[in-house]
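# A look at the structure
As a plain string of letters, each chain reads:
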2 protein chains.
Amino acid sequence: MIRVGIAGYGNLGRGAELALLQTPDMKLSAVFTRRAPGDVTLMTQGVPVLSLDKAKSMTGGIDVMILCGGSAKDLPEQGPELAALFNTVDSFDNHTDIPAYLEKMDKAAVQTTAVISSGWDPGLFSMMRLLSGAVLPNGNNYTFWGSGVSQGHSNALRGVKGVKDAVQYTIPKPDAVDAVRSGSNPVLTAVQKHLRDCYVVPDENADLTVIEREIKQIPYYFADYETKVTFITEEELRENHAGMPHGGRVFRTGATSEEHKQVMEFSLKLESNPEFTASVLVACARATVRLSGEGQFGAKTVFDIPLTYLSPADRMKLIKEML
Amino acid sequence: MIRVGIAGYGNLGRGAELALLQTPDMKLSAVFTRRAPGDVTLMTQGVPVLSLDKAKSMTGGIDVMILCGGSAKDLPEQGPELAALFNTVDSFDNHTDIPAYLEKMDKAAVQTTAVISSGWDPGLFSMMRLLSGAVLPNGNNYTFWGSGVSQGHSNALRGVKGVKDAVQYTIPKPDAVDAVRSGSNPVLTAVQKHLRDCYVVPDENADLTVIEREIKQIPYYFADYETKVTFITEEELRENHAGMPHGGRVFRTGATSEEHKQVMEFSLKLESNPEFTASVLVACARATVRLSGEGQFGAKTVFDIPLTYLSPADRMKLIKEML
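The following paragraphs examine the structure supplied in this document. (Residues numbered from 1 in each chain as written. Chains lettered and ligands numbered in written order. Predicted model: local features only at pLDDT ≥ 70, side-chain atom pairs only at ≥ 80, totals over all residues. Heavy atoms only, no water.)

### Quick notes on the overall build of chain A
Across its full length, chain A holds 11 helices and 14 strands. The C-alpha radius of gyration of chain A comes to 22 Å, within 12% of the 20 Å expected for a compact globule of 323 residues. In terms of its C-alpha atoms, chain A occupies a principal-axis envelope of roughly 60 × 60 × 35 Å. The buried share of chain A, taken over its 323 residues, is 56%. Counting every atom, chain A has about 13700 Å² of accessible surface; 49% of that belongs to carbon and sulfur. (Helix = DSSP H or I, 4+ residues; strand = E, 2+ residues; numbered from the N terminus. Rg over C-alpha atoms; globule rule 2.2 N^0.38 Å. Buried < 20%, exposed > 50% of the residue type's maximum accessible area, 1.4 Å probe, protein only. Areas by Shrake-Rupley, 256 points an atom, 1.4 Å probe, with all protein chains shown as cover.)

### Digging into the packing of aromatic side chains
Under the definition given, this model contains 14 aromatic pairs over all chains. Centre to centre, the rings of Trp120 of chain A and Phe125 of chain A are 5.2 Å apart; their planes meet at 75°, and the pair counts as edge-to-face. Like Trp120 of chain A, the residue Phe125 of chain A is buried in the burial classification. Note on Phe144 of chain B and Phe251 of chain B: the rings are 6.0 Å apart at their centroids and 80° apart in plane angle, and the pair reads as edge-to-face. Taken together, the positions of Phe144 of chain B in strand 7 (residues 139–145) and Phe251 of chain B in strand 12 (residues 246–255) put the pair 107 residues apart, joining distant regions of the chain. Joined through ring pairs, the aromatic side chains of Trp120, Phe125 and Phe266 of chain A make up one cluster. For the cation-ring pair, Arg14 of chain B lies above Tyr9 of chain B, with the distance from its terminal atom to the ring centre recorded as 5.6 Å. (Phe/Tyr/Trp six-rings, centres within 6.5 Å; stacked < 30°, edge-to-face > 60°. Lys NZ or Arg CZ within 6 Å of the ring centre and 35° of its normal.)

### Points about the relation of the copies chain A and chain B
Note on the identical chains: chain A maps onto chain B by a rotation of 180° and an axial translation of 0.0 Å, with an RMSD of 0.1 Å. Classification of the inter-copy transformation places it as that of a two-fold axis. A share of 100% of interface residues in chain A that are also interface residues in chain B marks the association as one of identical surfaces. (Least-squares fit on C-alpha atoms with pLDDT ≥ 70 in both. Contact = heavy atoms within 4.5 Å.)

### Quick notes on the nonpolar core
Within the largest apolar cluster, 154 residues are counted, with the highest numbers of intra-cluster contacts made by Phe276 of chain A together with Phe276 of chain B. Look past the residues within four positions of Phe276 of chain B in its chain and what remains in contact with it is Val135, Leu136, Gln262 and Met264 of chain A together with Trp120, Leu124, Leu268 and Leu270 of chain B. (Core = buried A, V, L, I, M, F, W, Y, C linked by side-chain atoms within 4.5 Å.)

### Things to note about the sheet that holds strand 10 (residues 194–202) of chain B
Residues and elements named next belong to chain B. Spatially, four strands are ordered 8-9-10-11 in an open sheet, and the strand pairing comes out mixed. What marks the edges here is a single partner per strand, and that holds for strand 8 (148–149) and strand 11 (226–231). The pairing of strand 10 with strand 11 spans six bridges and is classified as parallel. Its bridge partner lying in strand 11, Val200 is registered against Phe231. Set on the sheet, helix 5 (residues 151–158) makes contact with strand 8, strand 9 (163–172) and strand 10; between it and strand 9 the angle comes to about 145°. Against the sheet, helix 8 (residues 208–216) engages strand 9, strand 10 and strand 11, with an angle of about 150° to strand 11. (Pairing = 2+ DSSP bridges. Axes fitted to C-alpha atoms, helices over the stretch in contact; angles between N-to-C directions.)

### Here we look at the side chain of Glu265 of chain A
By the secondary structure assignment, Glu265 of chain A is in strand 13 (residues 261–270). Separated by 2.6 Å, the side chains of Glu265 of chain A and Arg249 of chain A make a polar contact. (Polar contact = N/O pair within 3.5 Å; in protein donor to acceptor, adjacent residues only side chain to side chain.)

### Here's the deal with the pairing of strand 9 of chain B
All names here are of chain B. Counted residue by residue, strand 9 has seven buried out of 10 residues, so it is predominantly covered. Relative to strand 9, strand 8 runs antiparallel, the two sharing two bridges. Bridge pairing links Val149 to Tyr169 in strand 9.

### Regarding the interface of chain A and chain B
Every contact between the two is made by 66 residues of chain A and, on the other side, 66 residues of chain B. Summed over both sides, the interface of chain A with chain B buries roughly 5900 Å², with 63% coming from carbon and sulfur. Our count for the contact surface shared by chain A and chain B stands at two salt bridges. Across the pair Arg315 of chain B and Asp304 of chain A runs a salt bridge whose closest N-O atoms are separated by 2.8 Å. At 10 residues, the largest contribution of residues to the side of chain A that touches chain B is made by strand 13 of chain A. The residue makeup of the side of chain A that touches chain B, split by class, is 35 nonpolar, 17 polar and 14 charged. (Buried area = accessible area lost by both parts, 1.4 Å probe. Salt bridge = Lys/Arg side-chain N within 4 Å of Asp/Glu carboxyl O. Nonpolar A, V, L, I, M, F, W, Y, C, P; charged D, E, K, R; others polar.)

### Topic: helix 2 (residues 74–83) of chain A
Extensive coverage of helix 2 of chain A is indicated by the burial of seven of its 10 residues. Taken together, the buried residues of helix 2 of chain A touch strand 1 (2–7), strand 4 (64–67), strand 5 (88–90), helix 3 (98–108) and strand 6 (113–115) of chain A.

### Digging into unusual backbone geometry
All names here are of chain A. A cis amide bond links Gly146 to the next residue, Ser147, at an omega of 5°. Phi is positive for Asn185, which is not a glycine, with a value near 55°. Looking at where Asn185 falls in the secondary structure, it is placed in the loop between helix 6 (174–181) and helix 7 (190–193). By relative accessible area, Asn185 is classed as partly exposed at 29%. Of note, the phi angle at Asn205 is positive, near 65°, even though the residue is not glycine. Take Asn205: it is sitting in the loop between strand 10 (194–202) and helix 8 (208–216). Here Asn205 falls in the exposed class, since its relative accessible area comes to 77%.

### Overview of the sheet that holds strand 3 (residues 49–51) of chain B
Residues and elements named next belong to chain B. Strand order in the open sheet formed by seven strands is 3-2-1-4-5-6-14, and the pairing between neighbours is parallel. Pairing within the sheet leaves two strands with one partner each, and these edge strands are strand 3 and strand 14 (298–300). Here the strands of the sheet are splayed against their neighbours by 25° on average, with no regard to which way each runs. With four bridges joining them, strand 1 (residues 2–7) and strand 4 (residues 64–67) adopt parallel strand pairing. Within the sheet, the bridge partner assigned to Ile6 lies in strand 4 and is Ile66. Helix 1 (residues 11–21) contacts strand 1, strand 2 (26–33) and strand 4 of the sheet and is inclined by roughly 165° relative to strand 1. Running at roughly 140° to strand 14, helix 3 (residues 98–108) makes contact with strand 4, strand 5 (88–90), strand 6 (113–115) and strand 14 of the sheet.

### A closer look at the pairing of strand 2 (residues 26–33) of chain A
All names here are of chain A. In terms of burial, strand 2 is largely enclosed, as seven of its eight residues are buried. Bridge count between strand 1 and strand 2: six bridges; the pairing is parallel. In the strand pairing of strand 2, Ile2 is matched with Met26. Handedness of the strand 1-helix 1 (residues 11–21)-strand 2 crossover: right-handed. Summarising the sheet, strand 2 and strand 3 (residues 49–51) pair through three bridges and their orientation is parallel. From the neighbouring strand, Phe32 faces strand 3, where its bridge partner is Leu50. (Right-handed = clockwise from strand over helix to strand, strands pointing away.)

### Description of the pattern of salt bridges
Residue and element names in this part refer to chain A. Taken as a whole and judged by the stated rule, the model has 30 salt bridges over all chains. For Lys216, the salt bridge is made with Glu212, and the minimal N-O distance between the two is 3.0 Å. Linking Lys216 with Glu212, this pair stays in helix 8, spanning four residues, or about one helical turn. A relative accessible area of 27% places Glu212 in the partly exposed class. Salt bridges sharing common partners tie together Asp178, Arg181, Arg249 and Glu265.

Here's what the structure looks like:
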């Protein structure tokens, strides 16, 4: 049994706990939190909740630590600290900062293995971009996100004066998806590929016209996009927009000769983004332990993992049943 | 430069030659054939065509051999013979016989590396089944084939009395695809998932009613399926049905909790099946050379290959640009 720790018990941490309940070869051994441990109640019975400060004393009891903190503030600090002590897996998702984070984690993980930036993007989508690009070198990649809730854009809405609460859905434009799927290799910007669909609860007596205008002027987030604003009540928000669905698709379209076009497409339709992301982390945690056992220390990514390492099944069983 | 040999110069071998023209790090060094070498004309200038018997004398000049023979008769014999001499990659696609073939290739590849059963199914589809099953252990896999030409079914049509020539398209049923995509986890047999669409050129004065009835009674191939038969002229067959399109999709639908379903889908839409299959073989040939260079000898599969090995790009470049 692989003994797993979870560091950080928000939506992602709870997702990891659920995912571990579905694995035959891994068990949750402890949850670490920055909150008062007594304030945290797990779904699993009999698993200790400990202060994150105590992690150091648990190195003998944890084979791999799943880091469930955020990429903005938590991981840049916690990542290297914990990777020096444990094998780790995380979902660091700030694409621009990945090389710097990789370097920091690589320095910290001297006698351990740290798989960084797993999840679905970065993660599964990255794997598809690499794989499809290797197969069709003469082609183009396209990534669409959604339909799904974007936390960053929802937060941007909540910062607008007169907005009490809000949720933003990123929605891929069907025409853009169809154009890519046809193999016509269109040139498309993020703006041309996505629609921004906003559900906004206004403060009492707020001027809706002003709110809508302000939203549509927010640079980077909304200004260039086709943006739709719908005002709803607090109750409607709670009832219809409390979930965290997400998804997206990665295409590679290319030509293998002058005559023949080829289209590869990978898509996800997720009812819970954090639960799915956590499921990827748990599969990668298994691989992390395998790599570490082979002495493959340092920072690794999903690009470095042979697929058999992700599965609890024996290699020959996988070859017989899945190849 | 990786020096590549192609063994067998049919549709797949020509596809491999085309794919090699798109790679910056590999070059075609020789083509081996069982035909009289003088009868074979390559697209690439200046590459020797040699008798397959001469392969043994070329071990110093070829880093990896792409085996482009068929799975029924060629590979079971040529595979082990060539794997004893060269690093090899092949598309052995008889699913049931894969474990036995793996064992034979593993015994032959003592100082070489033999990547077997790459292509798209087995191959890319197998990778998706493993990956998605590891991420969503509580779920179901679905594989749909088509729309595309099935050589086996086309041959079955050609065996019917009164049939001069024919092509059969395997077509996934849209209702079945939609049911799977909804996440409802339907139980579906191959018969329920696929339609068989036949284009038949009859002999002069043949009885079309009899032909159609006979086709629809062929066990295994057509008897249980929804089968559509359309009679066409030889000219129509040549003009509209000479291509080798194919494709398909692999789904994994699962639940990460009682509340949340998740759907993963990978699909291919291929204008040329042999050219695409060959492109996968060429990417795997690159990985074969990498594995061999590390001393990872014996029979391997796409499950054993870290994704970076498939790409000509440097690992850090891949991490920066694709993760």
